[in-house]
Amino acid sequence: MRKYRQEAEDNYNKENPVPLRNLVDKDEILKSLISSAVSKAIDECIQENVLKDFFLTYRQEVIDMSYSECTAEEQLEIIANDRYETGFNNGFSNGSKKTANLFAWLLSSKRYDDAQKASSDPEFLEQLMTEYDSCHDVQ
């Protein structure tokens with residue numbers, strides 16, 4: 001089914017000026033592409049006598065359910081991407097605050113040369129972070 005879905009999406013992207021991934025309201029198009037892909041997969045199974053009686057009897061139910069399964073998969077992917085982005089942004093924000101605190105500490109300690117060197121030397125910056133953490137009991 002996946003190969004037929006990918007084939008259907010590739011064909012759609014070739015035939016349309018706006019790629020599927022860039023469409024805001026793509027539910028109906030996606031449903032049609034998935035239905036087509038499942039239908040092709042079912043035809044192949046029937047042709048090769050794989051669950052032939054089942055697919056002949058329940059063809060439409062399988063097609064209908066496959067769309068809801070695909071959308072559930074996509075929802076899980078969206079949730080995972082959102083969580084990654086949130087984690088990245090939180091880490092970036094925390095790192096920025098920690099770096100700002102380090103530079104404030106260096107400047108208040110009149111360690112201007114260290115601040116200057118740390119701004120262009122990542123290894124030295126890391127050494128200073130370790131020193132700052134040990135002086136301030138940062139976990």
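Note that the coordinates shown come from a computational prediction; the quantities given were computed from them, not determined experimentally.

Enquirer: How should I be thinking about the overall build of the protein in this particular structure?
Expert: Looking only at helices and strands, the protein features five helices and zero strands. Written out in order from the N terminus, the α and β elements of the protein read α-α-α-α-α. Computed over the C-alpha atoms, the radius of gyration of the protein is 27 Å, more than 25% above the 14 Å expected from 2.2 N^0.38 for a compact globule of 139 residues. Taken along its principal axes, the extent of the C-alpha atoms in the protein is 80 × 35 × 25 Å. Here the protein, with 139 residues, has 22% of them falling under the buried criterion. A fraction of 47% describes how many contacts in the protein between residues 6 or more apart in sequence connect residues 24 or more apart.

Enquirer: Would you mind showing me how to read the environment of Arg111 here?
Expert: The residue Arg111 is located in the loop between α3 (52-108) and α4 (112-118) in this model. Expressed as a C-alpha distance, the spacing of Arg111 and Leu20, which sit 91 residues apart in the sequence, is 55 Å. Dropping the residues within four chain positions of it, Arg111 is found in contact with Trp105, Leu106, Leu128 and Glu131.

Enquirer: Got a minute to help me understand the packing of aromatic side chains in this structure?
Expert: Working definition: an aromatic ring pair is given by the centre-to-centre distance plus the angle between the planes. On inspection of all chains with the given rule, the structure shows four aromatic pairs. Arranged with centres 6.5 Å apart and planes meeting at 20°, the rings of Tyr84 and Phe88 form a pair that is stacked. Here Phe88 and Tyr84 lie together in helix α3, a separation of four residues that amounts to about one turn. A residue is classified by how much of its surface remains accessible, and Tyr84, at 62% relative accessible area, is exposed. Of the aromatic side chains, those joined through ring pairs into one cluster are Phe54, Phe55 and Tyr58. Here Lys117 stacks its cationic end above the ring of Phe124, 4.5 Å away from the centre of that ring.

Enquirer: So what exactly am I meant to see when it comes to unusual backbone geometry here?
Expert: The phi angle of most residues is negative, glycine excepted, and most peptide bonds adopt the trans form. Even without a glycine there, the phi angle at Asn49 is positive, about 60°. Within the secondary structure, Asn49 sits in the loop between α2 (27-47) and α3. A relative accessible area of 56% places Asn49 in the exposed class. Positive phi is not limited to glycine here, since Lys110 has a value of about 60°. Residue position: Lys110 is located in the loop between α3 and α4.

Enquirer: Would you mind showing me how to read helix α5 (residues 122-136) here?
Expert: Every α-helix carries 3.6 residues per turn, so stepping three or four residues along brings you back to the same face. The end-to-end C-alpha distance of α5, which contains 15 residues, comes to 21 Å, matching closely the 21 Å that a straight helix rising 1.5 Å per residue would cover. When we look at burial in α5, the residues that qualify are Phe124, Leu128, Met129, Tyr132 and Asp133. At the N-terminal boundary of α5, the capping side chain belongs to Asp121, with an oxygen 3.2 Å from the backbone nitrogen of Glu123. At the exit of α5 stands Asp137, carrying a positive phi of roughly 45°.

Enquirer: Would you mind showing me how to read the pattern of salt bridges here?
Expert: If the charged atoms of two oppositely charged side chains come close together, the side chains can form a pair. For the structure shown, the criterion picks out seven salt bridges. Glu44 is the partner of Lys3 in a salt bridge, and the nearest nitrogen-oxygen pair spans 3.8 Å. Taken as a pair, Lys3 in helix α1 (residues 2-15) and Glu44 in helix α2 lie far apart in primary sequence, 41 residues in all. The residue Glu7 makes a salt bridge to Lys40 at a minimum N-O spacing of 3.2 Å. With Glu7 in helix α1 and Lys40 in helix α2, the pair connects residues that are 33 residues apart, well separated along the chain. Beyond isolated ion pairs, a larger network of salt bridges with shared partners links Arg111, Asp114 and Glu131.

What counts, and where the lines are drawn
- Residues numbered from 1 in each chain as written.
- Predicted model: local features only at pLDDT ≥ 70, side-chain atom pairs only at ≥ 80, totals over all residues.
- Heavy atoms only, no water.
- Helix = DSSP H or I, 4+ residues; strand = E, 2+ residues; numbered from the N terminus.
- Rg over C-alpha atoms; globule rule 2.2 N^0.38 Å.
- Buried < 20%, exposed > 50% of the residue type's maximum accessible area, 1.4 Å probe, protein only.
- Contact = heavy atoms within 4.5 Å.
- Phe/Tyr/Trp six-rings, centres within 6.5 Å; stacked < 30°, edge-to-face > 60°.
- Lys NZ or Arg CZ within 6 Å of the ring centre and 35° of its normal.
- Expected span 1.5 Å × (residues − 1).
- Polar contact = N/O pair within 3.5 Å; in protein donor to acceptor, adjacent residues only side chain to side chain.
- Salt bridge = Lys/Arg side-chain N within 4 Å of Asp/Glu carboxyl O.

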